[in-house]
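# Report on the structure
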Amino acid sequence: MKKDTYIMGIETSCDETAVAILKNGTEVLSNVVASQIESHKRFGGVVPEIASRHHVEQMTIVLEEAFNQAEVTWEQVDAITVTEGPGLVGALLIGVNMAKAIAFAKQKPLVGVHHIAGHIYANRLEKEFEFPLLALVVSGGHTELVLMREHGNYEVIGETLDDAAGEAYDKVARMLKLPYPGGPHVDRMAAEGEETIPLPRAWLEEGSFNFSFSGLKSSVINTIHNAEQRGEKINPADIAASFQASVVEVLTKKTYQAAIKHNVKQVIVAGGVAANKGLRQALNEQFVKTDIPLLIPPINLCTDNAAMIAAAGTIAYEQGNRSGWDMNANPSLVLK
Ligand code: KG4
Ligand code: ZN
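Every value quoted in this text rests on a predicted model; they were computed, and no experiment measured them. (Residues numbered from 1 in each chain as written. Chains lettered and ligands numbered in written order. Predicted model: local features only at pLDDT ≥ 70, side-chain atom pairs only at ≥ 80, totals over all residues. Heavy atoms only, no water.)

### Notes on the site of ligand 1
Short version of the rule: In these notes, residues near a molecule or strand are those with any non-hydrogen atom within 4 Å of it. N or O atoms within 3.5 Å of each other form a polar contact, as long as, within protein, one can give a hydrogen and the other can take it, and as long as residues adjacent in sequence are counted only when both atoms are side-chain atoms. Areas reported here follow the Shrake-Rupley algorithm with a probe of radius 1.4 Å; residue values treat only the protein chains shown as occluding. In this analysis, the protein atoms alone were mapped onto a 1 Å grid. Cavities are point sets where a 1.4 Å probe fits without being able to get out; pockets are open sets with protein on both sides within 12 Å along at least five of seven lines; lining residues have an atom within 4 Å of a point. A molecule is counted as occupying a cavity or pocket when more than half of its atoms fall within 2 Å of that pocket's grid points. The helix count covers DSSP runs of H or I at least four residues long, the strand count covers runs of E at least two residues long, and both are numbered beginning at the N terminus. Here the nonpolar group is Ala, Val, Leu, Ile, Met, Phe, Trp, Tyr, Cys and Pro; Asp, Glu, Lys and Arg are the charged ones; every other residue, Gly included, is treated as polar. Start and end points for every domain follow an automatic or database-based domain assignment.
As a structural note, the neighbourhood of ligand 1 is formed by 19 residues, with G140, D170, D187, G272 and N276 the closest of them. In the environment of ligand 1, an oxygen atom lies 2.8 Å from a nitrogen or oxygen atom belonging to the backbone of G140. A distance of 2.9 Å separates a nitrogen atom of ligand 1 from a polar side-chain atom of N276. Contact with the protein chains covers 89% of the free accessible surface of ligand 1, which is 550 Å². Most atoms of ligand 1, that is more than half of them, are within 2 Å of grid points of the largest pocket. Mapped onto the shell around ligand 1, the elements with two or more residues apiece are α4 (115-121), α5 (165-175) and α6 (183-190). Partitioning the shell around ligand 1 into residue classes produces five nonpolar, 11 polar and three charged. When we break the shell around ligand 1 down by domain, the ones giving at least three residues each are domain 1 (6-121 + 302-318) and domain 2 (130-296).

If you want it as structure tokens, here you go:
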């Protein structure tokens with residue numbers, strides 16, 4: 001009989017301090033997340049210095065809580081996995097150094113994990129992967145289409161040339177004077193508005209799976225400024241609905257085209273923007289017409305957490321990946 005595997009995951013790439021313990025790659029024994037959103041709200045975005053300081057304060061508390069909830073002993077833990085990058089360097093450093101310290105003290109293997117691999121593997125906590133698989137990764141820092149032919153193998157077939165989808169959401173939210181992080185607020189507002197404002201869709205060149213959201217963001221800003229100058233009033237909910245319609249249409253069509261082109265067996269959606277109701281609905285409507293199953297994780301697994309890092313980390317550990325004591329936080333780590 002195969003021995004059970006217990007993997008610890010640590011995530012500190014942005015503004016969540018998170019530790020999780022996973023059994024056999026998919027069974028979440030604990031998944032503790034300390035969010036710093038309240039501390040960053042008044043600044044309208046994440047302040048890197050403040051994020052690092054909070055990670056230092058929260059790390060040992062979150063770690064202890066994750067252990068208590070999981071009811072496992074240090075002896076049972078097979079490996080320490082941690083987000084190595086990308087992210088805020090000062091924030092990543094706290095998690096990486098914590099992981100190194102534990103791995104050294106407890107004599108455990110150390111495995112660095114790519115943050116986006118984590119977002120993708122959040123889906124495996126719900127359903128086993130079937131390959132080839134296409135992942136649409138949409139978060140505050142990333143918008144990517146990733147083709148996976150097998151476990152632990154990532155080919156980025158499309159990415160944003162400028163802003164990430166979540167970043168565009170947060171900027172538009174700021175224009176609409178909504179609190180940080182703005183994505184969920186714009187999503188809620190969009191449901192109350194109508195798509196009355198014509199906004200551009202950046203399809204880019206024929207057959208490209210790349211994205212661009214900066215033109216759309218500028219159009220929203222111009223629309224608001226022009227209306228202000230003319231003394232006209234636009235319903236903010238209509239702006240939210242029109243903006244969301246553009247983002248969702250581009251994301252959905254490109255994901256569909258890539259899925260057909262690569263003949264995939266599954267499409268999965270990952271990252272904070274996967275929580276978006278408009279996107280979830282449009283993707284469901286698009287893929288229900290095909291025989292390609294669509295997986296979208298529950299909202300608590302869409303946003304940053306450590307169970308997803310442990311899930312990707314379990315595969316990396318089983319494939320023999322090991323990090324040395326010289327592992328460093330890498331803000332521009334490449335997914336491959
Ligand atoms: O994956 P995540 O938690 O952190 C990163 O790795 O970036 O994603 C956070 C992003 C933020 O930009 C937030 O505004 C966006 O996800 N977001 C949403 C929604 N919920 C979170 N964007 C649109 N609609 C939502 N419902
Ligand atoms: Zn993330």
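Next comes the rest of the description.
### Quick word on the sheet that holds strand β7 (residues 143-148)
The strands that make up a sheet are held in pairs by hydrogen bonds between backbone atoms, and each pair lies either parallel or antiparallel. Operational definition: A pair of strands is considered paired only if DSSP assigns at least 2 bridges between the two.
One open sheet holds the five strands; their spatial order is β8-β7-β6-β9-β10, and the pairing between them is mixed. Each of the sheet's edge strands pairs with one partner strand only, and the pair in question is β8 (155-159) and β10 (294-295).

### Looking at the domain arrangement of the protein chain
To keep it simple, the criterion reads: Contacts: residue pairs with any heavy atoms within 4.5 Å of one another. By definition, the buried area sums, over both parts, the 1.4 Å-probe accessible area that each loses when the two are put together.
Here the domain parsing of the protein chain yields domain 1 (6-121 + 302-318) and domain 2 (130-296). The gap between the C-alpha centroids of domain 1 and domain 2 is 27 Å. Contact with domain 1, which involves 15 residues of that partner, is made by 20 residues of domain 2. Taken as a group, I116, I120 and C302 account for 39% of the area that domain 1 buries against domain 2, more than any other trio of residues on that side.

### Brief notes about the pattern of salt bridges
Stated precisely, the cut-off is as follows: Salt bridge, as applied in this entry: a Lys or Arg side-chain nitrogen positioned within 4 Å of an Asp or Glu carboxyl oxygen. Burial classification: accessible surface area is computed with a 1.4 Å probe over protein chains only, and a residue below 20% of its type maximum counts as buried, one above 50% as exposed, and the rest as partly exposed.
In the structure shown here, the tally under the stated rule is 14 salt bridges. Of the charged contacts in the structure, one is a salt bridge between K2 and E318, with a shortest N-O distance of 4.0 Å. Of the two residues, K2 is situated in the segment before β1 (6-11) and E318 in helix α11 (residues 307-318); the sequence distance between them amounts to 316 residues. When its relative accessible area of 44% is taken as the criterion, E318 is described as partly exposed. Linked by salt bridges that have partners in common, D163, E167, K171 and K217 make up one network.

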